[in-house]
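# Survey of secondary and tertiary structure
Residue strings, one per chain:
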Amino acid sequence: MKSPSFFIYVFISYQNLVLMCLCLFQDGRLSFEPGSKVVRLPYINYLRELGSTFLNTYTNSPICCPSRAAMWSGQYVHLSQSWNNYKCLDANSTTWMDLLERNGYRTKMLGKLDYTSGSHSVSNRVEAWTRDVQFLLRQEGRPVAQLIGNMSTRRIMEKDWKNTDKAAQWIRQTAAISKEPFALYLGLNLPHPYRTESLGPTAGGSTFRSSPYWLTKVSPELVSVPKWLPMAAMHPVDYYSTFTKNCSSDFTEEEIKNIRTFYFAMCAEADAMLGQVISALREKGLLANTVLIFTADHGELAMEHRQFYKMSMFEGSSRVPLLIMGPGLKSGLQVHQLVSLVDLYPTVLEIAGISAVGNLSGHSVLPLISTSRNVSKNEHPEWVLSEYHGCNANASTYMLRVGHWKYIAYADGISVPPQLFMDKDELHNVVLRFPDVQAQLDKLLRSIVDYPKVSSAVHLYNKNRFAAWRDSLGRNYTEVIANLRWHIDWQKDILANEKAIDTWLHGSSRTFCI
């Protein structure tokens, strides 16, 4: 019998493994009730019925590259210094896929990988480097919904469909005849918002696009309009995020509901891609001995908390799906244990019977879902850690989830007030009501990561990298920085914005910007 194989969708099977990563923007709450009732996701439901669903899975950093760096390396982002979408793992870093290949697996990686340094737009990296600068500029297009095609329009995200077709073809033509176990990874862009083309070549993704066909998969009566705090009542970091994401102006309830509906329709299209891979495995008789892992790098706020995108510790952004199905694993199980993406590294290796190398931040989830007693002991702590150091948030952010508490600390722990939530909607910061809980959780957080020291290191990195980038442009600097994604607001007061950057660069201390 072959060893398991993977697909991310990771598909591993006992002996093959397939890991499928909606490696963008999948809200984990859609993988179980009541969220699963909002949109029909038949293939995720298939995994839920025949596999195990982790109800409390979190990203270790709510943005693309750092999150994936944690997943591929098994280390928290402060250990790998994966600070933003530009600064992540070295190209020669050892991933769990490398170890599978070294141990006899036939491996294939398709679609979005995005865990090594040097990628993403210039705007994205500059916005991260300059988050401490004393200005407030909109960095994104206003979120909108866009209807295209008709009831026969099904393949909207062509790039993802092409990679899904390649994955299915690889299963049929290579994995099916391989004498070795296989490990297949498929990374999708959906349900990432599309680039708003009307805003020019530097624009980010703020268009939620779908067709009538996929919209029929959504139950509109169940699409809620989330409650918002008034702008004046927002935490200063949330205010900065809302403004820079271009969400501070007025939205009608219809606009909000349309954005959310189209987001759910995009999730339905991604679910159909999962179905293509499952069908290929079934057709070739591989499904019974393949482990399938479905997860995402982060979620999507979809207008919760007056924001879209990720870059936040609110549930819509930080909570991700994790479903695992395969031979020797429990069916129809709902796992309440807190887990995070760093747990995938040791989990994959234990499934494949490979010893872990180096110090890993995560722990295998196999003891929680295996039908066998011959597995490792459950060593999961009763907390999960997530951290964020990139754009659209003007302070390094650290989230500790323990039981029903979510504690969020910022920067040095002094200059920016913390947040403490226990309500489902995360609208009531109760940090002043429960000072003893805050003190206890902050002590625990500091025992896991010296977050003031990390924040200081990120601040210094940002300054040094920006200064080097500016010097590399020479006389072109003024023109380049004025034409990044923030160009509309930048042009309103060019001299003031340039002065703000100079003051930040040459200042000796960090001033929090609100």
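Note that this is a predicted model, so its numbers are computed, not measured. Sequence order as written defines residue numbering, which begins from 1 separately in each chain. Whole-chain, interface and lining totals are the exception, using all residues; otherwise, since this is a predicted model, local features are given only for residues with pLDDT of at least 70 and side-chain atom pairs are given and counted only at 80 or more. For side-chain calculations, the full set of non-hydrogen atoms in the structure is used, while hydrogens and water are omitted.

## A short note on the pairing of strand S9 (residues 205-210)
Counting buried residues in S9 gives 6 out of 6 residues, a clear majority hidden from the surface. Relative to S9, strand S6 (residues 144-147) runs parallel, the two being bridged by 4 bridges. Bridge pairing in S9 places Gln 146 opposite Arg 209. Buried, partly exposed and exposed residues are distinguished by accessible area as a fraction of the type maximum, computed with a 1.4 Å probe on protein chains only: under 20%, between the cut-offs, and over 50%, respectively. Strands are runs of DSSP state E lasting at least two residues, helices are runs of H or I lasting at least four, and both sets are numbered from the N terminus onward. A pair of strands is treated as paired once DSSP finds two or more bridges between them.

## Observations concerning the packing of helix H14 (residues 451-473) against helix H17 (residues 494-506)
What describes two packed helices is the angle between their axes and the distance between those same axes. Look at H14 against H17: their axes get within 10 Å of each other, and the N-to-C directions meet at 125°. Classified by the angle between their axes, H14 and H17 sit oblique to one another. In this structure, H14 meets H17 at a crossing whose hand is left-handed. Seen from H14, the contacting residues are His 459, Asn 462, Lys 463, Phe 466, Ala 467 and Arg 470; seen from H17, they are Ile 501, Asp 502, Trp 504, Leu 505 and His 506. Each residue is assigned to one of three groups, with Ala, Val, Leu, Ile, Met, Phe, Trp, Tyr, Cys and Pro labelled nonpolar, Asp, Glu, Lys and Arg labelled charged, and all others, Gly among them, labelled polar. Counted by class, the contact of H14 with H17 contains 5 nonpolar, 3 polar and 3 charged residues. Note on definitions: angles span 0 to 180 degrees between N-to-C directions of axes, and those axes are lines fitted to C-alpha atoms, for helices only across the stretch in contact. The labels follow the angle: roughly parallel below 35 degrees, roughly antiparallel above 145, roughly perpendicular from 65 to 115, and oblique for the rest. Left-handed describes a crossing in which the near helix is turned anticlockwise from the far one by less than a right angle; the clockwise case is right-handed. Contact definition: two residues touch when any of their heavy atoms are within 4.5 Å.

## A look at the environment of Asp 343
Here Asp 343 lies in the loop between strand S13 (339-340) and helix H11 (344-352). Overall, Asp 343 belongs to the buried group, its relative accessible area being 5%. Apart from the residues lying within four places of it in its own chain, the contact partners of Asp 343 are Gly 362, His 363, Ser 364, Val 365 and His 380. Only 3.2 Å separates the side chain of Asp 343 from the side chain of His 380, close enough to count as a polar contact. In protein, a polar contact requires one atom able to donate a hydrogen and another able to accept it; more generally it is a pair of N or O atoms within 3.5 Å, and residues adjacent in sequence count only if both atoms are side-chain atoms.

## As for helix H13 (residues 435-448)
Every helix has an expected span of 1.5 Å times one less than the residues it contains. Between its terminal C-alpha atoms H13 stretches 20 Å, which fits the 20 Å expected from 14 residues at 1.5 Å a residue. Those residues of H13 that fall on the buried side of the exposure criterion are Val 437, Gln 438, Leu 441, Asp 442 and Leu 445. For H13, the buried positions fall inside an angular range of 125° around the axis, keeping them on one side. Turned more than 90 degrees off the buried face of H13, the exposed positions are Asp 436, Gln 440, Lys 443 and Ser 447. Buried residues along H13 sit in contact with strand S14 (383-388), strand S15 (397-402), strand S16 (405-410), strand S17 (419-421) and H14. Starting at the helix axis, one direction is taken to each C-beta atom, and the arc is that of these directions.

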